[in-house]
Amino acid sequence: MLSSRVTATISSSTILFSNHKILSNKFLYISNPLDNSTKPIKWNCKNSRMEAAKSSFVTRASAQPLTNHGELIDSVETFIFDCDGVIWKGDKLIDGVPETLDLLREKGKKLVFVTNNSTKSRKQYGKKFETLGLSVSEEEIFASSFAAAAYLKSIDFPKDKKVYVVGEEGILKELDLAAIQHLGGPEDGDKKIELKPGYMMEQDKNVGAVVVGFDRYFNYHKIQYATLCIRENPGCLFIATNRDAVTHLTDAQEWAGGGSMVGAILGSTKREPLVVGKPSTFMMDYVANEFKIQKSQICMVGDRLDTDILFGQNGGCKTLLVLSGVTSLSMLQDPKNSIQPDFYANKISDFLSIKAAAV
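What comes next is a walk through the structure.

The rules we used
Residues numbered from 1 in each chain as written. Predicted model: local features only at pLDDT ≥ 70, side-chain atom pairs only at ≥ 80, totals over all residues. Heavy atoms only, no water. Buried < 20%, exposed > 50% of the residue type's maximum accessible area, 1.4 Å probe, protein only. Helix = DSSP H or I, 4+ residues; strand = E, 2+ residues; numbered from the N terminus. 1 Å grid on protein atoms, 1.4 Å probe; cavity = no way out; pocket = protein on both sides within 12 Å on 5 of 7 lines; lining within 4 Å. Points joined across faces, edges and corners; volume = space filled by probe spheres on them. Nonpolar A, V, L, I, M, F, W, Y, C, P; charged D, E, K, R; others polar. Axes fitted to C-alpha atoms, helices over the stretch in contact; angles between N-to-C directions. Left-handed = near helix turned anticlockwise from the far one by under 90°. Contact = heavy atoms within 4.5 Å. Parallel < 35°, antiparallel > 145°, perpendicular 65-115°, else oblique.

Here's the deal with helix α6 (residues 169–177)
Then, in step 1: Residues of α6 that are buried include every one of Gly170, Ile171, Leu172, Glu174 and Leu175, and no others.
Then, in step 2: Backbone geometry just downstream of α6 places alanine 179 in the positive-phi region, at approximately 60°.

So this is what it looks like as structure tokens:
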């Protein structure tokens, strides 16, 4: 069940829900998507990776290699880990992960796992951790599928409205747990459009939000249905679980990520989505509130600059980039790259050096 406190987690600043309007000193004005207004929704400007990178991080000093692992561990209470490229690649565990997590727990650190991959629910991710031999509770896992449902709950998404899902089972399961009506998802993966004279597709007029995530069953039917809902249903929200360019479906290569599905819908609607996954501050605020953690006492560990590291920086956390995923050292040090973490390391098992040094 989603916490009733979720309404307080959109931002650490004061938020007022009144008359279907959301006001915040951090947010641009957000009109209720379901009050028959056709104005586009404005989201926290930190959701724009390009704007945030340009405005906030161009003057950040170059990242330093992590040499004093013990000092970093002692300086924070909580480590938030991305999963793909940090904990595993595809279904293969990255070397040294179990021992590293054990070490951090022994030192009394809280561990949280945040993933932009929306194909699974929190419960399903719990089973994946278990299958890989890792002891991680469901409460320590935050997936973007959960974030989409949590966001809709936080704005009091009307019970008579529905969500059209371009995505997989994880989103559907989280919407079910939040008692939000939905349609679409994998069952629309086999639907084909027969283009013949006079044919028109009709969409459900009660769809009040379209949620787009990574979808291996993506097709033209879904693009058209989502487009009709967003363009023709008054105030229909366009929500993206993430805009990741690539993902790790296997450990052998990178595969097109959820951003490719989001990009198709953006292209046909000319609407920017609300992003609820990284680097949006929504998940960071939710995690900090749920665990009662000060953000300055968090270290965000990830393999992506424009999601993981920006997510941590937007939240005011320390940041550690690991080179075990999509970002190489040359990419990090490219003069064109304006997003610089506090530190970088080869992989999270580099923390084990403090154990070796103690022997």
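So, empty space enclosed by the protein
Then, in step 1: Taken as a whole, this structure holds one cavity of 30 Å³ or more when the rule is applied.
Then, in step 2: One number sums up the size of the largest cavity: a volume of about 120 Å³.
Then, in step 3: Here the lining of the largest cavity is composed, by residue class, of two nonpolar, seven polar and six charged.

Structural notes on the packing of helix α5 (residues 144–154) against α6
For any two helices packed against each other, the geometry comes down to the angle between their axes and how far apart the axes lie.
Then, in step 1: Orientation of α5 relative to α6, taken along the N-to-C sense of each, is 35°, at an axis distance of 8 Å. You can see that α5 and α6 cross each other, and the crossing is right-handed. Touching Ser145, Phe146, Ala149 and Leu152 of α5 are Gly170, Ile171, Glu174 and Leu175, all from α6.
Then, in step 2: Considered class by class, the residues forming the contact of α5 with α6 number five nonpolar, two polar and one charged.

Re the packing of α5 against helix α9 (residues 281–291)
Then, in step 1: Between α5 and α9, whose axes approach to 10 Å, the crossing angle comes to 85°. Comparing their axes, α9 and α5 come out roughly perpendicular. Along the contact surface, α5 presents Ser144, Phe146, Ala147, Ala150, Tyr151 and Ser154, while α9 presents Phe282, Met283 and Tyr286.

Some words on the environment of isoleucine 348
Then, in step 1: Within the secondary structure layout, isoleucine 348 lies in the loop between β19 (343–345) and α12 (353–358).
Then, in step 2: With a relative accessible area of 1%, isoleucine 348 lands in the buried category.
Then, in step 3: As a C-alpha pair, isoleucine 348 and phenylalanine 81 span 267 residues in sequence and 9.4 Å in three-dimensional space.
Then, in step 4: With residues up to four places along the chain from it excluded, the contact list for isoleucine 348 reads Phe81, Val86, Ile87, Val97, Thr100, Leu101, Val301 and Val322.

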